[in-house]
Amino acid sequence: MRQPNPRMTAASLAGAVDLSALRSSSPAAAPAGGEATPAPTTDSPYVIDVDEATFQNEILQRSLQTPVVIDFWAEWCQPCKQLSPVLEKLAVEAEGAWILAKIDIDANPRLAQAFRVQSIPFVMAIVNGQPVDAFAGVQPEATLRQWLAAVVKAAGGEVELPADPRLNDADDKLQAGDLDGAEAAYKAMLAETPNDPNATSGLAQIALMRRLEGVTDGREVLTKAEAAPTDIDAQTLAADVEFVSGLAEQAFARLVALVKRTFGDDRNRVRTHLLELFAIAPPDDPVVNKARRDLTNALF
């Protein structure tokens, strides 16, 4: 399947969309024999149909208060039928944090031309009467959630969008001790949204839990590690024990020191282990930030 077109930034949109001609224009006549735009699949007030007659009030004026996300679509567009229902669902969940405006390009060719729509589905965010971001093609739901959160933030909004239900499902499995189910769920998230930090953290937690299976005496693990400073297995397990015991700083220091003493595949193995522990810890933790700097110094 062809990948969606790259998302456009606000900088690339500057000057590319001229809305001035539409601000006070009279609506163009509907195409001969044209049908009315089908209603959205939801009757939510947060999902609206827009044409030239309502464009100024429903999009430009409304965007001065609330971000408006425009979904350009057409009845013949099969990918639109995949994307639009997801956008509608997210608009309902957001409860007014942003508004979804649907524009049928066949019924509103001047609007499509004004926004330079070259392919559909095409989605654009309008904030304070100006386009701020856009993308073309079908996107995964997780990617849409991140994009919409950025739009709300760009508008100065503080409304937090609903959590990703896939993440909730994976976390619930993890809390219930279903490691295999949680692992499959997190991997599915990563397949759809590569480098998702929550899924990466979840998989790292599962790996840590599996490494610690059968460990009944943490003190014994630490004693063995002290007696074998070059034993990678003993040292990494000791770091795991320290980490889950609330001694993350000691665990990180142990592994950084081990990085300095190893080379080649052994060094890479220790580095990967340390990065997994970083993924579990809060990203803004000063202990993590210091350990990252120490790791960089150890490697270079």
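Model, not experiment: these values are computed from the prediction.

Q: Explain helix 12 (residues 264-280) here, please?
A: In an α-helix, one turn spans 3.6 residues; hence positions three or four apart end up facing the same way. Under the 1.5 Å per step criterion, the end-to-end length of helix 12 is 25 Å for 17 residues, consistent within 8% with the ideal 24 Å. For helix 12, the secondary structure elements touched by its buried residues are helix 8 (197-211), helix 10 (232-244), helix 11 (248-261) and helix 13 (286-299).

Q: Whenever I open this one, the pairing of strand 3 (residues 99-104) confuses me. Can you help?
A: Two faces, one strand: in a regular strand the side chains alternate between the faces of the sheet. The element strand 3 is largely enclosed, with a buried count of six among its six residues. What you see with strand 3 is no split at all: I99, A101 and I103 on one side and L100, K102 and D104 on the other are buried throughout. Here strand 1 (residues 47-49) pairs with strand 3 via three bridges, running parallel. Pairing of V47 across the sheet is with L100, part of strand 3. One ladder, built from six bridges, connects strand 2 (residues 68-73) with strand 3; its direction is parallel. Bridging from a neighbouring strand, W73 pairs with D104 of strand 3. Between strand 2 and its parallel partner strand 3, the chain crosses via helix 3 (residues 78-94), and the hand of that crossover is right-handed.

Q: How should I be thinking about the pattern of salt bridges in this particular structure?
A: Taken as a whole and judged by the stated rule, the model has 20 salt bridges. For R211, the salt bridge identified is with D240, shortest N-O distance 2.7 Å. Remark: D240 occurs in helix 10 and R211 occurs in helix 8; sequence separation between them is 29 residues. Connected through salt bridges with shared partners, the residues K89, E93, E141 and R145 form a single ionic network.

Cut-offs applied
Per chain, residue numbering runs from 1 following the sequence as it is written. Totals for whole chains, interfaces and linings use all residues, but because this is a predicted model, local features are given only for residues with pLDDT of at least 70 and pairs of side-chain atoms are given and counted only at 80 or more. Water and hydrogen atoms play no part in the side-chain values, which are based on all heavy atoms of the structure. Only DSSP runs of H or I covering at least 4 residues are called helices, and only runs of E covering at least 2 are called strands; the numbering of each starts at the N terminus. Expected helix span is taken as 1.5 Å per residue step, with the number of steps being one fewer than the number of residues. Residue contacts are counted whenever heavy atoms from the two residues lie within 4.5 Å of one another. Three exposure classes are used, based on accessible area relative to the maximum for each residue type with a 1.4 Å probe and protein chains only: buried under 20%, partly exposed in between, and exposed over 50%. The pairing criterion for strands is at least two bridges between them, as found by DSSP. A crossover gets the label right-handed when its path from the first strand over the helix to the second runs clockwise, viewed with the strands pointing away from the viewer. Any Lys or Arg side-chain nitrogen located within 4 Å of an Asp or Glu carboxyl oxygen qualifies as a salt bridge.

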